[in-house]
Amino acid sequence: MSTFIIAEAGVNHNGDLGLARDLIDAAKEAGADAVKFQTFDADALVRVDAPKAGYQIRATGAEEGQHEMLRRLQIGAEGHRHLLAHCRHRGIEFMSTPFDLGSLAFLVEELGLERLKISSGEITNGPVLLAAAGYGRPMILSTGMATMREIGDALAVIAFGLVNPDGEPSEKALADIADSDEGAAALRDKVTILQCTTDYPTAPGDANLNAMATLSDTFGVPAGFSDHTEGTAVPIAAAALGARIIEKHLTLDRKMPGPDHAASIEPEAFAKMVAAIRVVEQALGDGVKRPTPAEEANRKIARRSLVATRPVAKGEAFTPDT
């Protein structure tokens, strides 16, 4: 099965629609299946005095706060429509991560997005999870910073929203749906969870790719990988381990000002990553051990033959000395 590759443009457009269009073009040319942005209202998302994260301070300095930075990076409704139209023109899927209920409603009800990505920071945001599930779209859930219990709780909310979009959730109702065959089937059909480490950049030793199998086995849903490591070795390895989705930050220039450029890769590297993942997909095969058609032609040459060292009479038994 083909790995779905998302080019995470995020806020690497720096608030410039022209740069955002260029990121769409770069994602398409690199072979990504989708390009993803972020949809938020800074006023609804953070307090005016909210501090930046450490990696954001390292990338952009401490002179401005989180709110001021996000105000510079948000894209308005018309900008979203423009980018959606450009994606359709280029033939690449437009995606965006909502960070509040209003942004979620805008993406689904006005732009008509058919696939939703929920960020790691929203995994404990019950209202957003419930509302997103209520739309019945396929969902991708990142799990950075989360414990297994928090992931299980989030999936219970999502299962409830998928099965009972108009229902009133309660602790008992969530527990019941989490243990039901109906809830499990809904999650299996609609949800992919991504192993993710919320650190920019992530040290390879913290990527924990084997957690993909743990997540899939525990919760019965497909798993993938949202990557914040430097370079491309780790996401390629994730594909070799069977990641159904790979998400990787894309920038036009890692030296640009902005919070995420330094933890992103440039278009040439992204294209090489996509090409390597496609080779990995071919190499994985179907798991059935049998001679390949190419091997069949080599069997007579590579395998031992039975050859007599002297004349053998008709009916004579072969021996080691024959």
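Residues numbered from 1 in each chain as written. Predicted model: local features only at pLDDT ≥ 70, side-chain atom pairs only at ≥ 80, totals over all residues. Heavy atoms only, no water.

Enquirer: Give me the side chain of Ser-119: which residues, what numbers.
Expert: Turning to its location among the elements, Ser-119 is positioned in the loop between strand E4 (116–118) and helix H7 (126–134). Excluding residues that lie within four positions of it along the chain, Ser-119 makes contacts with Thr-97, Phe-99 and Ser-142. (Helix = DSSP H or I, 4+ residues; strand = E, 2+ residues; numbered from the N terminus. Contact = heavy atoms within 4.5 Å.)

Enquirer: Lay out the packing of aromatic side chains in plain terms, naming residues and giving numbers.
Expert: Taken as a whole and judged by the stated rule, the model has 2 aromatic pairs. With a centroid separation of 5.9 Å and an interplanar angle of 25°, the aromatic rings of Phe-37 and Phe-94 are classed as stacked. Residue Phe-37 is located in strand E2 (residues 34–39), and its partner Phe-94 is located in strand E3 (residues 93–98); the two are separated by 57 residues in the primary sequence. For the pair Phe-37 and Phe-94, a shared accessibility class is recorded, and that class is buried. When the centroid spacing of 6.2 Å and the interplanar angle of 85° are considered together, the rings of Phe-40 and Phe-99 count as edge-to-face. Of this pair, Phe-40 sits in the loop between E2 and helix H2 (42–45) while Phe-99 sits in the loop between E3 and helix H6 (101–110), placing them 59 residues apart in sequence. (Phe/Tyr/Trp six-rings, centres within 6.5 Å; stacked < 30°, edge-to-face > 60°. Buried < 20%, exposed > 50% of the residue type's maximum accessible area, 1.4 Å probe, protein only.)

Enquirer: Explain the sheet that holds strand E6 (residues 191–196) to me, using residue names and the numbers behind them.
Expert: The parallel open sheet is built from 8 strands, whose spatial order is E3-E2-E1-E8-E7-E6-E5-E4. Looking at which strands have only one partner, the edges of the open sheet turn out to be E3 and E4. Across the sheet, the axes of successive neighbouring strands diverge by a mean angle of 25°, strand direction being ignored. With 4 bridges connecting them, strand E5 (residues 139–142) and E6 associate as parallel partners. Bridging across to E6, Met-139 finds its partner in Val-191. Helix H12 (residues 233–240) contacts strand E7 (223–227) and strand E8 (245–249) of the sheet and is inclined by roughly 180° relative to E7. (Pairing = 2+ DSSP bridges. Axes fitted to C-alpha atoms, helices over the stretch in contact; angles between N-to-C directions.)

Enquirer: Before we move on, can you summarise the packing of H12 against helix H13 (residues 267–284) with the specific residues and values?
Expert: A pair of packed helices is captured by two measures, namely the crossing angle of their axes and the spacing between those axes. Two elements in contact, H12 and H13, have axes whose closest approach is 9 Å; the angle formed by their N-to-C orientations is 25°. Judged on the interaxial angle alone, H13 and H12 are roughly parallel. Taken as a pair, H12 and H13 cross one another with a handedness that is right-handed. On H13, the residues that touch Pro-235, Ile-236, Ala-239 and Ala-240 of H12 are Met-273, Ala-276, Ile-277, Val-280 and Leu-284. Of the residues that constitute the contact of H12 with H13, the class distribution is 9 nonpolar, no polar and no charged. (Parallel < 35°, antiparallel > 145°, perpendicular 65-115°, else oblique. Left-handed = near helix turned anticlockwise from the far one by under 90°. Nonpolar A, V, L, I, M, F, W, Y, C, P; charged D, E, K, R; others polar.)

Enquirer: Go over the pattern of salt bridges with me, naming the residues and quoting the values.
Expert: Under the definition given, this model contains 18 salt bridges. Across the salt bridge formed by Glu-247 and Lys-36, the nearest N and O atoms sit 4.0 Å from each other. With Glu-247 in strand E8 and Lys-36 in strand E2, this residue pair connects regions lying 211 residues apart in the sequence. Residue class for Glu-247 comes out buried when judged on its relative accessible area of 3%. Here Glu-247 makes a salt bridge to Lys-117, at a shortest N to O gap of 2.9 Å. (Salt bridge = Lys/Arg side-chain N within 4 Å of Asp/Glu carboxyl O.)

Enquirer: Tell me what's going on with unusual backbone geometry, and back it up with residues and numbers.
Expert: Note on backbone geometry: most residues besides glycine have negative phi, and most peptide bonds are trans. Put simply, Tyr-200 and Pro-201 share a cis peptide bond, and its omega is -5°. Relative to the elements of secondary structure, Pro-201 occurs in the loop between E6 and helix H11 (211–219). Unusually for a residue other than glycine, Asn-14 sits at a positive phi of about 55°. Note on placement: Asn-14 falls in the loop between strand E1 (4–10) and helix H1 (17–30). On the accessibility criterion, Asn-14 (26% relative accessible area) is partly exposed.

Enquirer: Please set out the nonpolar core residue by residue, giving values where relevant.
Expert: With 40 residues, the main nonpolar core has Val-35, Phe-37, Phe-94, Phe-225, Phe-270 and Met-273 as its most contacted residues. Looking at this core, the elements with two or more residues in it are E1, H1, E2, helix H5 (77–90), H6, E7, H12 and H13. Per-element tally for this core: the top contributor is H1, with 6 residues. With residues up to four places along the chain from it excluded, the contact list for Met-273 reads Ile-5, Thr-232, Pro-235, Ile-236, Lys-248 and Ile-265. Counting 28 residues, the second-largest nonpolar core is a separate cluster that includes Leu-104, Leu-116, Ile-158 and Leu-187. (Core = buried A, V, L, I, M, F, W, Y, C linked by side-chain atoms within 4.5 Å.)

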